[in-house]
Amino acid sequence: MIPAQIGSSMILLGFQSADYTVIASFLTFAAAGLQRCSIEHAHYALRTQSSVTADFYEVERSRPPPGNLVMRMHIGETGRTYWWIPIDGGSNLQQYLASTPTGSAPGWESRNSSGQPRPLGEVDFIATDAGYKLWKSVPKLHGPAPAHFLIPDLREALWYRTSGDQRDYTARQFFDLVSCSRHKVK
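Residues numbered from 1 in each chain as written. Predicted model: local features only at pLDDT ≥ 70, side-chain atom pairs only at ≥ 80, totals over all residues. Heavy atoms only, no water.

### So, the overall build of the protein chain
- Along its length, the protein chain carries two helices and twelve strands.
- Counting every atom, the protein chain has about 9500 Å² of accessible surface; 54% of that belongs to carbon and sulfur. (Helix = DSSP H or I, 4+ residues; strand = E, 2+ residues; numbered from the N terminus. Areas by Shrake-Rupley, 256 points an atom, 1.4 Å probe, with all protein chains shown as cover.)

Laid out in structure tokens, this is it:
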């Protein structure tokens, strides 16, 4: 059991996994009212696999992606990093992440002008507030960060859309906002 203080109440968290620190950090973070974080400062961890992290970066380029953001996802077990562009789906009210080559590479362009497929294609992106109310759009630069987000087909993208020696496993679980910090891709 892990003691945690929320407000003036002390509770015991019954987590048995090594990921209890991420969950306890999130609860403390949310209880302190710090979940109001702008997206470019947000740092996320996969709830049951804390070595899988995600951050949204501001892109300062002549041709930035929609919303001027890219998401960098890092898989701690393998050291691999994946880059994604958040995209609103339009009238269908769905949101997506389009994979893109490394967002910090020289000459990187957000648009897929060559007609080549995205490295991992597109995946659904579902963002929520702290009460799990669904967002109607992807995060925007200088806008609020979602408290949680889910990428339902991430596991499939990282396993079946990559070559056999480059596969990554991720749990089908929410990413939780665990901290705020400043970062930017120039």
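On we go from here.
### Re the state of the cysteines
- The final tally for this structure, using the stated rule, is one disulfide.
- Each sulfur of the disulfide joining C37 and C180 lies 1.9 Å from the other. Separated by 143 residues along the polypeptide, C37 in the loop between α1 (20-31) and β3 (42-46) and C180 in strand β11 (residues 175-180) bring together distant segments of the chain.
- When its relative accessible area of 36% is taken as the criterion, C180 is described as partly exposed. (Disulfide = S-S within 2.5 Å. Buried < 20%, exposed > 50% of the residue type's maximum accessible area, 1.4 Å probe, protein only.)

### What about empty space enclosed by the protein?
- Within this structure, the stated rule accounts for one cavity of 30 Å³ or more.
- Empty space within the largest cavity amounts to approximately 50 Å³.
- Around the largest cavity sit L46, I151, P152, L154, R155, T170, A171, R172, Q173 and F175, which together line it.
- Considering only residue class, the lining of the largest cavity consists of six nonpolar, two polar and two charged. (1 Å grid on protein atoms, 1.4 Å probe; cavity = no way out; pocket = protein on both sides within 12 Å on 5 of 7 lines; lining within 4 Å. Points joined across faces, edges and corners; volume = space filled by probe spheres on them. Nonpolar A, V, L, I, M, F, W, Y, C, P; charged D, E, K, R; others polar.)

### A closer look at the packing of aromatic side chains
- By the definition in use, this model includes eight aromatic pairs.
- Plain terms: the ring middles of Y44 and F149 are 4.8 Å apart, the flat faces sit at 65° to each other, and that makes the pair edge-to-face. Placement of Y44 in strand β3 and of F149 in strand β10 (residues 148-150) is noted, with a sequence separation of 105 residues between them.
- Taking the centre distance of 5.4 Å and the plane angle of 75° together, the rings of Y132 and F174 count as edge-to-face. Taken together, the positions of Y132 in the loop between β9 (126-128) and β10 and F174 in the loop between α2 (154-160) and β11 put the pair 42 residues apart, joining distant regions of the chain.
- Given a relative accessible area of 37%, Y132 falls into the partly exposed group.
- A residue is classified by how much of its surface remains accessible, and F174, at 19% relative accessible area, is buried.
- Connected via pairs of aromatic rings, a cluster forms that spans Y44, F56, F125, F149 and F175. (Phe/Tyr/Trp six-rings, centres within 6.5 Å; stacked < 30°, edge-to-face > 60°.)

### Section: unusual backbone geometry
- Non-glycine residue Y132 carries a positive phi angle of around 65°.
- Positive phi, close to 70°, is recorded for H142, a residue that is not glycine.
- Structurally, H142 can be placed in the loop between β9 and β10.
- According to the relative accessible area criterion, H142 is exposed, its value standing at 54%.

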